[in-house]
Amino acid sequence: MCMVLLGVLGVLEVSVAGFSLLGVLAMPLFLSGSCSEMNGMFNLDFSGQTLVILSIYISFLMLMGSVTVSRFSAFNSLIVCIGALLVGAFSVSVTFLFFVLFEGVLFPTLLLIVGWGYQPERLQAVVYMVIYTVMGSLPLLYGLGKLYFHDGSDNLFSLEFVLDKSILS
């Protein structure tokens, strides 16, 4: 789909059309009420819907504000990639998939810092960001693994019942 858009439209139009298409495809999710489920793996409640809308809006603003950026097409494709990963992370209900998608945002962010950062300390900033992010996410990964092997469910919405059951017993 992206290759067809790239062939037909220019670079800015591809990113704007991509986010417009993403917004149109996500519209039934936002109109369905309090919680919507798609295929058991994707599930949006009010907070997920809010974060998805916010991610699309901020990514769209970044695309519109980056017209004067050098290497425009690469910058825009990284922004679209980050936006798609965030939308995926905020709309899944599987804990490990949430973890992978949310940590997947790290790589395009690193490319943005290295490719478009102006200070000479940007490589040091990348190293610190990777160390802090990985070290900060390891306890979450450990906890998710422990909950999965304890209860057998990796659904985000079943965590409330798992935690209630473990507190009561």
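Residues numbered from 1 in each chain as written. Predicted model: local features only at pLDDT ≥ 70, side-chain atom pairs only at ≥ 80, totals over all residues. Heavy atoms only, no water.

Draft legend 1. Local environment of a nonpolar patch on the surface. Taken together, V127, Y128, I131, Y132, V134, M135, L138 and L141 make up a surface patch of nonpolar side chains, about 760 Å² in accessible area. With respect to the helices and strands, the residue L141 is situated in helix 7 (residues 122–151). (Patch = residues over 30% accessible without salt bridge, like charges linked within 9 Å, V, L, I, M, F, W, Y side chains within 5 Å. Areas by Shrake-Rupley, 256 points an atom, 1.4 Å probe, with all protein chains shown as cover. Salt bridge = Lys/Arg side-chain N within 4 Å of Asp/Glu carboxyl O. Helix = DSSP H or I, 4+ residues; strand = E, 2+ residues; numbered from the N terminus.)

Draft legend 2. Geometry of the UniProt feature "transmembrane region" (unreviewed entry) in the protein chain. When the UniProt feature table is mapped onto this chain numbering, "transmembrane region" (unreviewed entry) sits at residues 46–65, 72–90, 96–118 and 125–144. End C-alpha to end C-alpha, residues 72–90 measures 27 Å, and it is 100% helix and 0% strand. Strand forms 0% of residues 125–144 and helix 100%; the C-alpha atoms that close the span are 28 Å apart. (UniProt positions renumbered as here; feature names shortened; annotations may be inferred.)

Draft legend 3. View of the nonpolar core. V52 and L112 are the most contacted members of the largest nonpolar core, which has 18 residues in total. Secondary-structure elements contributing two or more residues to this core are helix 3 (46–65), helix 4 (72–91) and helix 6 (106–116). With 9 residues, the single largest contributor to this core is helix 4. (Core = buried A, V, L, I, M, F, W, Y, C linked by side-chain atoms within 4.5 Å. Buried < 20%, exposed > 50% of the residue type's maximum accessible area, 1.4 Å probe, protein only.)

Draft legend 4. Structural view of the packing of aromatic side chains. The final tally for this structure, using the stated rule, is 4 aromatic pairs. Arranged with centres 5.4 Å apart and planes meeting at 75 degrees, the rings of F75 and W116 form a pair that is edge-to-face. Remark: W116 occurs in helix 6 and F75 occurs in helix 4; sequence separation between them is 41 residues. Between the aromatic rings of F98 and F102, the centroid separation amounts to 5.6 Å while the plane-to-plane angle is 20 degrees, which identifies the pairing as stacked. Of this pair, F98 and F102 both sit in helix 5 (residues 95–104), 4 residues apart, which is roughly one turn of the helix. Classification of F98 by relative accessible area gives partly exposed; the value is 23%. Judged by relative accessible area, F102 falls into the partly exposed class, the value being 40%. (Phe/Tyr/Trp six-rings, centres within 6.5 Å; stacked < 30°, edge-to-face > 60°.)

Draft legend 5. Region of the structure containing the environment of V114. Within the secondary structure, V114 is located in helix 6. For V114, a relative accessible area of 34% puts it in the partly exposed group. Placed 10 residues apart in sequence, V114 and Q124 show a C-alpha to C-alpha distance of 10.0 Å. When residues no more than four places from it in sequence are discounted, the contact partners of V114 are R122, L123 and V126. (Contact = heavy atoms within 4.5 Å.)

Draft legend 6. Representation of the side chain of S91 in the model. Tracing the sequence through the fold places S91 in helix 4. Under the relative-accessibility criterion, S91 is labelled buried at 10%. Looking at S91, its side chain comes within polar contact range of the main-chain oxygen of V87, at 2.8 Å. (Polar contact = N/O pair within 3.5 Å; in protein donor to acceptor, adjacent residues only side chain to side chain.)

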